[in-house]
Each structure stands twice: as structure tokens, then as C-alpha cells.
Amino acid sequence: MNPYWGQNFVSFLAIFFKRFFGVITGNLPLAPDELQIFTLSLIGVSTAIIGVFLVLRKSTMQANSLSHTTLLGITLVVIFYGFFTTNETGQFFHFSLTKLILSALITAFATLFFTRFLQEKMRVQTDASIGLVFSLFFALGILLVTLYTRNMHIGVEAIMGNVDALHPNDLFLSLAICFINVAVTIVLYSWYKMTTFDLNLAKSFGIKVGLIETILILQTTLTIMGGFRAVGVILILAMITAPVITARLFTNRLYSLFFFSIAISVLASFFSVALSRHILSVTKVASSTSALNILFLLLFFIISATLTFVLSKRKVATL
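So, a few notes on the structure that sits alongside this text. For clarity, every value in this text was computed on a predicted model and none was experimentally measured.

## Quick word on the side chain of Asn181
- Inspection of the secondary structure puts Asn181 in helix 7 (residues 168-187).
- Apart from residues lying up to four places away in sequence, Asn181 is in contact with Ser46, Ile49, Ile50, Gln219 and Thr223.

## Focus on the packing of aromatic side chains
- Here the structure, examined in full by the defined rule, presents 20 aromatic pairs.
- Both rings, one in Phe113 and one in Phe117, keep their centres 6.4 Å apart while their planes meet at 20°; by these two values the pair is stacked. Residue Phe113 and its partner Phe117 are located together in helix 4 (residues 97-120), separated by 4 residues, close to a single helical turn.
- Its relative accessible area of 53% is what places Phe113 among the exposed residues.
- These aromatic residues form a ring-pair network of at least three members: Tyr4, Phe9, Phe12, Phe16, Phe17, Phe20, Phe21, Phe38, Phe270, Phe271, Phe296 and Phe300.

## Regarding the layout of surface pockets
- Put simply, the largest pocket is a space of about 550 Å³.
- Surrounding the largest pocket, 21 residues form its lining, Ser59, Gln62, Gln119, Thr126 and Glu213 being those nearest its centre.
- Among the elements that line the lining of the largest pocket, the one with the most residues is helix 4, at 5 residues.
- Looking at the lining of the largest pocket residue by residue, the classes come out as 8 nonpolar, 6 polar and 7 charged.

Rules and cut-offs
Residues numbered from 1 in each chain as written. Predicted model: local features only at pLDDT ≥ 70, side-chain atom pairs only at ≥ 80, totals over all residues. Heavy atoms only, no water. Helix = DSSP H or I, 4+ residues; strand = E, 2+ residues; numbered from the N terminus. Contact = heavy atoms within 4.5 Å. Phe/Tyr/Trp six-rings, centres within 6.5 Å; stacked < 30°, edge-to-face > 60°. Buried < 20%, exposed > 50% of the residue type's maximum accessible area, 1.4 Å probe, protein only. 1 Å grid on protein atoms, 1.4 Å probe; cavity = no way out; pocket = protein on both sides within 12 Å on 5 of 7 lines; lining within 4 Å. Points joined across faces, edges and corners; volume = space filled by probe spheres on them. Nonpolar A, V, L, I, M, F, W, Y, C, P; charged D, E, K, R; others polar.

Remember, this is a structural readout, not a statement about activity or role.
Next up, the structure:
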């Protein structure tokens, strides 16, 4: 029995904090709502970590490109690499994580290759080359979805995700990706910081800028695929950018930027699950938890921007 069934927003919060330590220590079983909170929070931590560097590098369009073109890789795997197996009852879905990640990495490298080819060989502007490549790949993905997977229901799930369909394995996957992102960022922190703030200085020190950028792109791709089941490959872009630009309203220090971005992501994940349960309990209408997550991130930004604007006006007035 789900302890959150029929609970409103306030009672949801009370039950969660009452059960939290019991669930963490393993004394209480993990409820579906708690699985959603922990998985979304881990994805939020990962997206906040890589989002800080992507936003500071002004490379969010590259992440946007990857989030779109990954759909092509997913669709190709569904069609050509046996995501669907057949038995005597017909076709049923068989999820293969290894094939999914492999397809995402291949698509990411293809996106990066063609983008750089247009920039370096064809002398196309950076934003234009990114727009051309991701538009082409995303269009091909949509075309393949409509032609070959119209009865497989992959389109909406790939774009919107489905938090209600999360499995404990998704929690372990999110935890593993979060650990990888934290570990890689700690190891490469100095190189990431130098290539972000002073590219010429990094080159003068002999740092392989292209390799560092490739590693960051791989982290981005892995994080996008980690959020595939929960928030889809499109909505995760908001999780990469929104917490960081909100946090930048309050701080310009890099460490603080990480802390505030992670806190905003985790808070939005928690509130979105609680509100989704509240809506289901009160109105009996099932809502998209992933969409609510993005709406909370947007709401946090609007409130923060309004607050900083008002405070800045008052400061000017006192002067």
C-alpha cells in the first residue's frame, strides 16, 4: 500500500519527512513517490553540475542540440537493434540500457562531428551550424517515429518522459550517473574552470581544449540519457539551464553557483512529485510530474528575478 495515496500537498510533506530516515537506512520499503523524488533529485544534481559549465561557456545550444538529436539514436535502436522482441502473445517492450546509451553516444559524436565540420570547413557560424545539425537529426527522428513506431508509443515518452513508470533500476542508474558526474568534475575541475573562463590561457598551458570539451559533451549525453525515462530528452534541457541561471541571480562565485543550482533542482523535484500527488488526490486527474518539475524551475526563476529586481531598485533608491 502506497502511504502517499490520497494525500494532499501538506500531508505528503509530513509523511515524507517522517519516513525519510527509515527509507534511507533500509528499515522502510521505498514507496513509488519516494522513488520518483530520489530519481528526479539525482538527475537534478547531475544536470546542475554540468549545467554550470555549459551556461558559463555559453554552450547551452550544444546541450539543446544533443537533447534533440538523441531522439534519432533512440528511434534507430528501437527499429534496428531489437528493443522489441516477439513471443506467442505478440510484441512487447524490452528495454536495453546498454543499447540506448550506445546509440546516444554515437548520435552525440555524429552531432559534434557535423557541427564542427560546418564551423571549420564550411565557415558556418557556430549557432547556425548547431541549428542546422540538430534540426536535421531531430526531423529525421520525428520522421522515423511517425513512420515506424506509430504503434509503439515511443514519441510522447521520449519527449515528456514518464515518472510513474520508473523502476528501482532507474534510481541506481541515476545514482551511478550522478557519481560519475561528481567524480569527473572533481578530477577535471581545474581544467574545466580554466577552459571556461580563459581559453587562451588554457591553450598556453598546453591543455587539450578539444578533449576537455569532448568529455563535457559525453557527460551531457550520459546525463540526458539518464533522464530519458523520467523527464524525456527534451524537457531535460530546462533542468540543465534553469537552475543555473536562477542561481546566478544570487551569486557569482563558482562554488556557490554549484550549491544553489543543486538546491534549486532538488527542491523542484520534491515539490513536483508532491504537487502531482496532490492533484491526483484532490481532482483525480493524473498530471505530468516531469512537466510540473519544469514549471517549478520556471517559477523559481520568475520569483528570483522579480526579487532581485525589486531589491536592486530599493538599493538604488536609498543611494
